[in-house]
Amino acid sequence: MEFVVRIPIEARAPGTSAPGRPRRRLGLVSVALLLAVAVPSPAAARDRDQQPEPARFGVLLWQKEAEDLESLAGLRRGLELWRAGGELDVRCAEGDPAEAARLARALRDDGARVLFAVGSPATQAAVAAVPDRPIVFTAVRDPLGDGIVRSLMGSRQNVAGTSDRVDPVEVLALTKLVVPTTSRLGVLRSQGPRSAAAAGEVAQARLARQRPGSIELELVERIVVEAPPRADAGPERDAFVRALESAAAELAREGIDALWLPDDPHVLPHAGRIHAALRRERPAGSAPIPLVASSLGPVRAGDAVAGLSVDREMLAMRAVELAREIVTTGVDPGILPVGGLRAVRIVVHLGAAHADGFEVPLPLLIRADAILGEDVRDGARDATGEDAAGGDRGGRDGGR
Amino acid sequence: MEGADRTTAEAVPAGGARGGGSLVTRLFVVLVLVGLATAALLVFGFAPQTTRTFRDASEELIGDGARALWTQSRDDTDQTADLLVGLIRETAEARRRTLLDLPLGLYGGDVERIRERILEQDGERARQLERNVVVLAGEIERRAAERIDATLVELRARQGRLADGFAQRLRGSFLLVAGLLLVATLTILGFGLYRSVIVPIRALQRATRRIAASAEDSPAESAWPELPAARGAGEIAALTADFRAMVERLRLSRTELHRLNSELEAEVERKTGQLVQAAKMASIGTLAGGVAHEFNNVIGGVRGCLREALEDTPEPARREPLEIALRATERARGIVRQLLDFARPPVERKERVDLRALVGEAVALAMPQARRHGVSVEAEAFVADANRAVDPALVDADPGALHQVFLNLLTNAIQAMPGGGTLSLDLVLDADAIEVAVRDTGVGIAPEHLPHVFDPFYTSKDAGEDPGQRGSGLGLSVSYGIVQVHGGALTAESAVGRGSTFRVRLPRRANEG
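Residues numbered from 1 in each chain as written. Chains lettered and ligands numbered in written order. Predicted model: local features only at pLDDT ≥ 70, side-chain atom pairs only at ≥ 80, totals over all residues. Heavy atoms only, no water.

A. Fine view of the overall build of chain B. Each helix and strand in chain B was counted, giving 8 helices and 7 strands. Look at the contacts in chain B between residues 6 or more apart in sequence, and 72% of them connect residues 24 or more apart. (Helix = DSSP H or I, 4+ residues; strand = E, 2+ residues; numbered from the N terminus. Contact = heavy atoms within 4.5 Å.)

B. Main features of the overall build of chain A. Across its full length, chain A carries 13 helices and 13 strands. Split into buried and exposed, the 400 residues of chain A put 57% on the buried side. Contacts in chain A between residues far apart in sequence, at least 24 positions, make up 74% of those at least 6 positions apart. About 16,000 Å² of surface is accessible on chain A, with carbon and sulfur atoms providing 50% of the total. (Buried < 20%, exposed > 50% of the residue type's maximum accessible area, 1.4 Å probe, protein only. Areas by Shrake-Rupley, 256 points an atom, 1.4 Å probe, with all protein chains shown as cover.)

C. Spatial organisation of the nonpolar core. Ranked by size, the top nonpolar core spans 73 residues in total, and within it Phe57, Val59, Phe116 and Val360 of chain A carry the most contacts. Among residues more than four places away in sequence, those in contact with Val360 of chain A are Val305, Val348, Leu350, Ala353 and Leu365 of chain A together with Arg143 of chain B. Membership of the second largest hydrophobic core comes to 52 residues, among which are Ala332, Ala397, Phe406 and Val478 of chain B. (Core = buried A, V, L, I, M, F, W, Y, C linked by side-chain atoms within 4.5 Å.)

D. Inspection of the packing of aromatic side chains at higher detail. All names here are of chain B. Applying the stated criterion to the full structure yields 4 aromatic pairs over all chains. Residues Phe454 and Tyr480 carry aromatic rings whose centres are separated by 5.0 Å and whose planes lie at 40° to one another, so their mutual orientation is tilted. Pair noted here: Phe454 is in the loop between β5 (433-440) and α8 (475-485) and Tyr480 is in helix α8, with a separation of 26 residues, a long-range link. Tyr480 shares its class with Phe454; the two are buried. For the pair Phe454 and Phe502, a centre-to-centre distance of 6.2 Å together with 90° between the ring planes defines the contact as edge-to-face. Taken together, the residues Phe454 in the loop between β5 and α8 and Phe502 in strand β7 (residues 499-507) connect sequence positions 48 residues apart. (Phe/Tyr/Trp six-rings, centres within 6.5 Å; stacked < 30°, edge-to-face > 60°.)

E. Inspection of the environment of Phe502 of chain B at higher detail. All names here are of chain B. Residue classification places Phe502 among the buried residues on the basis of a relative accessible area of 10%. For the pair Phe502 and Leu425, spaced 77 residues apart in sequence, the C-alpha to C-alpha distance is 9.7 Å. In contact with Phe502, other than residues within four places in its own chain, are Leu409, Val436, Ala437, Val438, Ile445, Phe454, Leu476, Thr491 and Ala492.

F. Quick look at unusual backbone geometry. All names here are of chain A. Backbone geometry at Glu94 places phi at a positive 55°, although glycine is not the residue there. In this structure, Glu94 sits in the loop between β3 (87-92) and α4 (97-109). A positive phi is found at Arg156, a non-glycine position, where the angle reads about 65°. Checked against the element boundaries, Arg156 lands in the loop between β5 (135-138) and β6 (159-161).

G. View of the packing of helix α6 (residues 355-373) of chain B against helix α7 (residues 399-415) of chain B. Residue and element names in this part refer to chain B. Between α6 and α7, whose axes approach to 9 Å, the crossing angle comes to 30°. As judged from the angle between their axes, α6 and α7 are roughly parallel. Crossing angle aside, the handedness with which α6 passes α7 is right-handed. The residues of α7 that touch α6, namely those facing Leu355, Leu358, Val359, Glu361, Ala362, Val363, Leu365, Ala366, Gln369, Ala370 and His373, are Pro399, Leu402, His403, Phe406, Leu407, Leu410, Thr411, Ile414 and Gln415. Each residue belonging to the contact of α6 with α7 can be placed in one class, and the counts come to 14 nonpolar, 5 polar and 1 charged. (Axes fitted to C-alpha atoms, helices over the stretch in contact; angles between N-to-C directions. Parallel < 35°, antiparallel > 145°, perpendicular 65-115°, else oblique. Left-handed = near helix turned anticlockwise from the far one by under 90°. Nonpolar A, V, L, I, M, F, W, Y, C, P; charged D, E, K, R; others polar.)

H. Representation of the interface of chain B and chain A in the model. Counting residues at the interface gives 37 residues for chain B, matched by 48 residues for chain A. Here chain B and chain A share an interface that buries about 3,500 Å² over both sides, 53% of which is from carbon and sulfur atoms. Taken together, chain B and chain A are joined by 5 salt bridges. Here Arg97 of chain B makes a salt bridge to Glu170 of chain A, at a shortest N to O gap of 2.9 Å. The interface formed by chain B and chain A includes 19 residue pairs in polar contact (both at pLDDT 80 or more). Mapped onto the side of chain B that touches chain A, the elements with two or more residues apiece are α2 (23-101) and α3 (111-217) of chain B. (Buried area = accessible area lost by both parts, 1.4 Å probe. Salt bridge = Lys/Arg side-chain N within 4 Å of Asp/Glu carboxyl O. Polar contact = N/O pair within 3.5 Å; in protein donor to acceptor, adjacent residues only side chain to side chain.)

I. Quick look at the pattern of salt bridges. The full count for this structure, using the stated rule, is 63 salt bridges over all chains. The salt bridge involving Arg108 of chain A is made with Asp109 of chain A; its shortest N-O contact spans 3.2 Å. With relative accessibility at 19%, the residue Arg108 of chain A sits in the buried group. Relative accessible area serves as the criterion here: at 54%, Asp109 of chain A is assigned to the exposed category. With a closest N to O distance of 2.1 Å, Arg439 of chain B and Asp426 of chain B form a salt bridge. Here the residue Arg439 of chain B occupies a position in strand β5, and Asp426 of chain B occupies one in strand β4 (residues 421-429), the gap between them amounting to 13 residues. In this structure, a network of salt bridges that share partners links the residues Glu67, Arg141, Asp164, Asp263, Arg300 and Arg312 of chain A.

Okay, structure coming up:
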């Protein structure tokens, strides 16, 4: 079933304050968006009357995950700040690449001046299907590795956008925050078709360690060469998971202080098994080995103690800024460098740490942008501020 | 017997305890004293020391706990300060990064909206920090609680170790005190037992050995060793007293035995003498009897011849020598009759005889002779008095023979007092014997003659005396034999110049009345 939402873009008057930010209340955001579609505001109707040719912006979603909706909210808010007016035509491919390509062409055919693509699969489909319309992507972890751009300094085609890539230096810093005395950091990734981002992260981390003043850490890397499974079940998957567990156990026996899971979509779904292997195989009497991830999935699942992410809403607003530049100045999208955010979000799962007997350093709690798995003293409210009953708190593959 | 009874009564007093109390009582008193000393030691010595030790240990424990908590509080304060500094730095850095990430191009240079956005971000950041601080406070509280719990656990463990050590020291001290008290008690008890039991028993043992040795060596009463004094515990003192009483009774028994032995020896010696005398007299009597029989026949022939010669001789001048010769034969026949009496005592037939009457008749016959010699006779026991009731002195005897005995003794006594004197007769009635004592105040018999006075033909009368007065030396011998034939005894005592006493002791006839 095709997911189509047309959202009138509201140009807020100066001095009007934005409503309470629903960044972390993703469930409420979804409901609000749907309500906004169903009931067009009077101001939007007034703008349509003043602008005979309203601009149309298309949004192609790969799935309706919370993070995708967060990006969608950022796009909407950015367009409101831009005062672009017109409509935001949102369509979701439901994880189907062909549908994504079709929807991308449909958005172009419906007159979208700029096509926003959220996430790497949607962007790849849009780039392949629509070569003649500016495409601005957001929340693409590795646009270069995914073949979306030819260079981070410019795509040299009709594509520009922002990446949610996290600087590996930040991962190393996070590791130091999690285990201040760490000297051996284990790394576990696979060698598959979608593991380029993870490999890139590790390579950049190695390079970062060579920079003067960088964090001194020994990276102990294990690469599972077993072919990644093509399905969620079956013998291939079991063999792959056993290989991951064996590699994790080997790392544990080698005396690593923490294990880093890069953004490997083959590995991250099995963070729970890896976590169990670490707990099982660590030498008797030694300290618990915390799991650190470059994404939030393992953290939300309660497997990783800490993980990193970026503000997807802000990242989407930065993508709107690129679109504005393309529309208003007519700049070629191919020369715009891939954008990103300096600020990273640290999410800590206190419950996971407590379950492992791991004592989270207090500076990490100060630094955290979200703390999961811990009831605060004055109620059962989740310390993240998010609705305890809403949102997807874990078990999601890839954390994307 | 009275002395023995008295000693026994002293040896076993009522309650069996004497002097310083029974051994059980003494031991009880000693144990009570030791218990009181122990209690005093515990109350006034051990308990205060224990309290001080416990208080010092508790103060040390509390001090360590306070220092640990103070150190923890200081560390928490330092950590909180570091956290606050880090919080400020992180806030500034996060704000800087957030500002740099702002899509300023979308604001179109609208400073107001940019300011509004910044304030919005600051607010979000502030709310996030507030939430973080809440979590942080909870975490700090939890960790502080864990550290406090760990500290308390450590303190409890230390307290447990201190308590264990204290209890161990307490046990050690108690064992030491108990051991010392036990040693002291045993020493006291041992010394007390040594003084109360061992020493008196050893003294008794030494005394027993000395008594045994002295009794064997010398039975004399003066040779008995000094007995130990009754001292020590009640039982031991009683035992010593009993031992003393027993030894006293033994000493008395031995003395009596010694006396009886002496008497027995004397009696044996006397009986032996009597046997010797009897044997001697029997042999002499046999000889004398044979000689007297033959001689009596000769004398009979001579008397017949002399009577015929007298019948044939009418002239007085010639008859006088014949008559002298006839009287001589008469005398010779008397001597021969005495010899025959000596050889075969003239006991014809025994009958009941009252010695009072028999002796009284003999005295009456001797009175004329006594008066001639100026001898006074005292024989009240043998004088018949109708107004006086007396026990009869009955014996089974030949009255003629006994009469001869007493007449002979009276005659000898009168003859022993030629210058006068006193002849006294006494009668002693025993349960089974009757003794008649004949005493004179005459010249007495020399000690060398006394053992031979009953020998035949032995006489103390001077040979130059009147032949009619000189004895044949057979009177006492015959009397001796007559008394002996009656189962009695004739004994003599004498002192030169003071007189002699002859005692006739005869078996008493049972009183028929």
